[in-house]
Amino acid sequence: MNKDCLFCKIGTGAIPSEKIYESDTIFAINDINPQAPTHILIIPKEHYSSLLDIEEADHELMGSIISVANNLAKERELDLSGYRLVVNCGENAGQSVMHIHYHILGGRSLKWPPG
Ligand code: AMP
Ligand code: ZN
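Undergrad: What is the right way to look at the layout of surface pockets in this model?
TA: Regions of empty space are outlined by a rolling probe, equal in size to a water molecule, passed over the atoms. Approximately 790 Å³ is the volume attributed to the largest pocket. At the level of secondary structure, the elements contributing two or more residues to the lining of the largest pocket comprise helix 1 (6–12), strand 2 (26–30), strand 3 (38–44), strand 4 (83–86) and strand 5 (102–106). Broken down by element, the lining of the largest pocket gets its largest block of residues, three residues, from helix 1. Partitioned by chemical class, the residues of the lining of the largest pocket number 14 nonpolar, 12 polar and five charged.

Undergrad: How should the packing of aromatic side chains be read in this particular structure?
TA: The geometry of two aromatic rings is summed up by the distance between their centres and the angle between their planes. Summed over all chains, the structure comprises zero aromatic pairs. Positioned above the aromatic ring of phenylalanine 27, the side-chain terminus of lysine 19 is 5.5 Å from the ring centre.

Undergrad: What's the story with the environment of proline 44 in this structure? I'm lost.
TA: Among the structural elements, proline 44 can be located in strand 3. For proline 44, a relative accessible area of 0% gives the class buried. Sequence separation between proline 44 and histidine 103 is 59 residues, and the spatial gap between their C-alpha atoms is 12 Å. When neighbours within four sequence positions are excluded, proline 44 is seen to be in contact with Thr25, Ile26, Phe27, Leu61, Ile65, His99 and Ile100.

Undergrad: I would appreciate a short explanation of the pattern of salt bridges in the present structure.
TA: Pairing of side chains with opposite charge becomes possible as their charged atoms draw close. What the rule picks out here adds up to three salt bridges. For the salt bridge of arginine 76 with glutamate 75, the shortest nitrogen-to-oxygen distance reads 3.3 Å. Note on arginine 76: relative accessible area 32%, which makes it partly exposed. Relative accessible area serves as the criterion here: at 59%, glutamate 75 is assigned to the exposed category.

What counts as what
Residues numbered from 1 in each chain as written. Chains lettered and ligands numbered in written order. Predicted model: local features only at pLDDT ≥ 70, side-chain atom pairs only at ≥ 80, totals over all residues. Heavy atoms only, no water. 1 Å grid on protein atoms, 1.4 Å probe; cavity = no way out; pocket = protein on both sides within 12 Å on 5 of 7 lines; lining within 4 Å. Points joined across faces, edges and corners; volume = space filled by probe spheres on them. Helix = DSSP H or I, 4+ residues; strand = E, 2+ residues; numbered from the N terminus. Nonpolar A, V, L, I, M, F, W, Y, C, P; charged D, E, K, R; others polar. Phe/Tyr/Trp six-rings, centres within 6.5 Å; stacked < 30°, edge-to-face > 60°. Lys NZ or Arg CZ within 6 Å of the ring centre and 35° of its normal. Buried < 20%, exposed > 50% of the residue type's maximum accessible area, 1.4 Å probe, protein only. Contact = heavy atoms within 4.5 Å. Salt bridge = Lys/Arg side-chain N within 4 Å of Asp/Glu carboxyl O.

Bear in mind that shape data such as this cannot, by itself, settle questions of function.
Listed below in structure tokens is the structure:
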């Protein structure tokens, strides 16, 4: 828990939000500024500043995040049309919240390469 971190505060409930998924270790919320019809953030409750903080001991947690992504996508029938799972890491990738989070984007055709 980082007392100045937005996603730590949402995770503990210090800042209220509608969680669309929650376990002991992970939660998911709708992005406040959606870039696609489905734009969900999957967030571990433990504070990691970015993908660069992930170590071998965290592999199980990262695997669980991928399962959560698949389950949320399937609930929304995005397994039929496809979806994108994105982690922005650091300045050049445009990371704006320094607590690791995975974006699920779906419900429209997404361009590649990204801008
Ligand atoms: P990134 O740019 O990859 O760090 O993504 C941060 C994401 O967090 C952006 O898509 C924001 O729209 C989203 N965001 C920021 N504040 C909130 C919030 N209070 N609730 C939900 N999503 C948020
Ligand atoms: Zn945090």
